[in-house]
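In case you want the letters, here they are:
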Amino acid sequence: MLKILHVVRRYGPVGGMERYVWELTHALADLDIEIHIICEETFRVTAHNNIHIHTLGALPPRPRWLSMLRFSHRVTKWVKDNANKNFIIHSHERTNVHHITTFHSAVFANIRQKPWWKRISIRIAIWLYLEKRELSGKQVQIILPNSDAIKEELSNAYPKTQKALHNPAYPGSHSTPQNTKKHNTSSDTKIIIFIGQEWQRKGLKKATLIIKELRKTIPKLELWVFGPSPQDIEHLFQDCMSGYKLFGWTDAMPFLAKAHLLLHPATSEPYGMAIAEASASGVPVVISDQCGISSQVTHQSGRVININAVIGDWVNACLTELNRTTPTITINHSWLELAEQHLKIYSNVAIKDDHQKI
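Small disclaimer: the values here were computed from a predicted structure and weren't measured. (Residues numbered from 1 in each chain as written. Predicted model: local features only at pLDDT ≥ 70, side-chain atom pairs only at ≥ 80, totals over all residues. Heavy atoms only, no water.)

Caption draft 1: How the structure looks around the overall build of the protein chain. Counting its secondary structure elements, the protein chain contains ten helices and 14 strands. Dimensions of the protein chain along its principal axes, counting C-alpha atoms only, are 65 × 50 × 35 Å. Per-residue burial for the protein chain yields a buried fraction of 53% across its 358 residues. A sequence separation of at least 24 residues applies to 64% of the contacts in the protein chain between residues at least 6 apart. Total accessible area on the protein chain is roughly 16,800 Å²; 51% of this is exposed by carbon and sulfur atoms. A gap of 5 Å separates the mean positions of the 42 positive and 31 negative side-chain charges of the protein chain. (Helix = DSSP H or I, 4+ residues; strand = E, 2+ residues; numbered from the N terminus. Buried < 20%, exposed > 50% of the residue type's maximum accessible area, 1.4 Å probe, protein only. Contact = heavy atoms within 4.5 Å. Areas by Shrake-Rupley, 256 points an atom, 1.4 Å probe, with all protein chains shown as cover. Lys, Arg positive; Asp, Glu negative; His and termini not counted. Charge placed at Lys NZ, Arg CZ, Asp CG, Glu CD.)

Here you go:
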């Protein structure tokens, strides 16, 4: 029987990568796979009989590079102390004892393209070391990017890892009965949602400019913002007396049924799980071409706009989707499908590595 050990610092749906691990491990457990989690701490109780959690205790989060280095050392020790368990080790962090690693973020080695004076620090040196070790360790058999964009970045930055680099393992989503429902265009009030705690990178300022122009055509237009603290972004709405709601750190999924559009003009987005969830709920999307998920977006699900396009192009795309009369088709697959993809990968690792598991 397969025994899979997933490595993640925070176990629970508290961020994009953490949500990925939480959903994947529960989908695998539903398939009767024995799942073990090694983490610093958990953020939601799971009562699943097939999931076993091993917590190491939280470390000071700053500086992040030092915290990650210490976590890696603790994981290595734990794995050595439990070597008799014969786990297939699947990491989502910068560790050194894994057979499989899933890469969720932009490639840090891209910093080599910046001027030399921006690359001289112990922080950068440690992050480069951790990233290279994660991808190039002698025990690493499989590297799973979670988007086409990340796969291309990894291929360019680490050409020697080509044999281990697999096709993307795209995040799943929870499809709802709405995902093929004809979009409601009869309401006078249109609701556009923006999701993202890192609001600068995800393009909230540009979103407010787009909304301002859209209101010239649709006066009853509301922008609902999920993720960032209202205190951090209120200055973006000083000219607005109404027409916006700042929800802060709140799960946006229950609100998707009321939304007419998801707007995501990010300057950098390794994937975009919120985009997939919105689409799975029947909400069309207008996103930038800097989102990893953009390669999966067709006119059946929304529009992809060049990040450098003029505001008018964004406005026209939003108007097209707000006036959509055809069903929105989901741009993603289920978490079960992702789990089944992983089962095939794990079976291969178990065969290849049967005599040399750590």
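Let us keep going from here.
Caption draft 2: Seen up close, the sheet that holds strand β12 (residues 261–264). Read from one edge to the other, the open sheet built from six strands follows the order β11-β10-β9-β12-β13-β14, with strand pairing classed as parallel. The open sheet has two edge strands, β11 (244–248) and β14 (302–305), and neither has a second partner. Each strand of the sheet is rotated relative to its neighbour by a mean of 20°, with strand direction disregarded. In this sheet, β11 lies alongside strand β10 (residues 221–226) in parallel orientation, the contact comprising four bridges. Residue pairing across strands places Val225 opposite Leu246, the latter belonging to β11. Where helix α6 (residues 204–214) meets the sheet, its contacts fall on β9 (190–195), β10 and β12, and the angle it forms with β10 comes to roughly 170°. Taken strand by strand, helix α8 (residues 273–280) contacts β9, β12 and β13 (285–288), and its axis lies near 165° from that of β12. (Pairing = 2+ DSSP bridges. Axes fitted to C-alpha atoms, helices over the stretch in contact; angles between N-to-C directions.)

Caption draft 3: A look at a nonpolar patch on the surface. Together, Trp116, Trp117 and Ile120 make up a nonpolar patch on the protein surface, roughly 430 Å² of accessible area in all. For Trp117, a relative accessible area of 55% translates into the label exposed. (Patch = residues over 30% accessible without salt bridge, like charges linked within 9 Å, V, L, I, M, F, W, Y side chains within 5 Å. Salt bridge = Lys/Arg side-chain N within 4 Å of Asp/Glu carboxyl O.)

Caption draft 4: Just the pattern of salt bridges, in detail. Here the structure, examined in full by the defined rule, presents twelve salt bridges. Here Arg9 and Glu40 are joined by a salt bridge, their closest N and O atoms 3.3 Å apart. Highlighted residues: Arg9 in the loop between β1 (3–7) and β2 (10–11) and Glu40 in the loop between β3 (34–39) and β4 (41–42), separated in sequence by 31 residues. Per residue, the accessibility class of Arg9 equals that of Glu40, and both read buried. The partner of Lys216 in a salt bridge is Glu213, and the shortest N-O contact between them spans 3.1 Å. Residues joined by salt bridges that share partners form a network here, namely Glu198, Arg201, Lys202 and Glu269.

Caption draft 5: Representation of the packing of α6 against helix α9 (residues 311–322). The geometry of α6 relative to α9 is characterised by a closest axis approach of 9 Å and an angle of 65° between their N-to-C directions. When the interaxial angle is binned, α6 and α9 end up roughly perpendicular. In this structure, the crossing between α6 and α9 has a hand that is right-handed. Across the interface between the two elements, Lys206, Leu209, Ile210, Glu213 and Leu214 from α6 touch Ile311, Trp314, Val315, Cys318 and Leu319 from α9. A breakdown of the residues in the contact of α6 with α9 according to their chemical character gives eight nonpolar, no polar and two charged. (Parallel < 35°, antiparallel > 145°, perpendicular 65-115°, else oblique. Left-handed = near helix turned anticlockwise from the far one by under 90°. Nonpolar A, V, L, I, M, F, W, Y, C, P; charged D, E, K, R; others polar.)

From the geometry alone we can't say anything about function, so treat these as descriptive.
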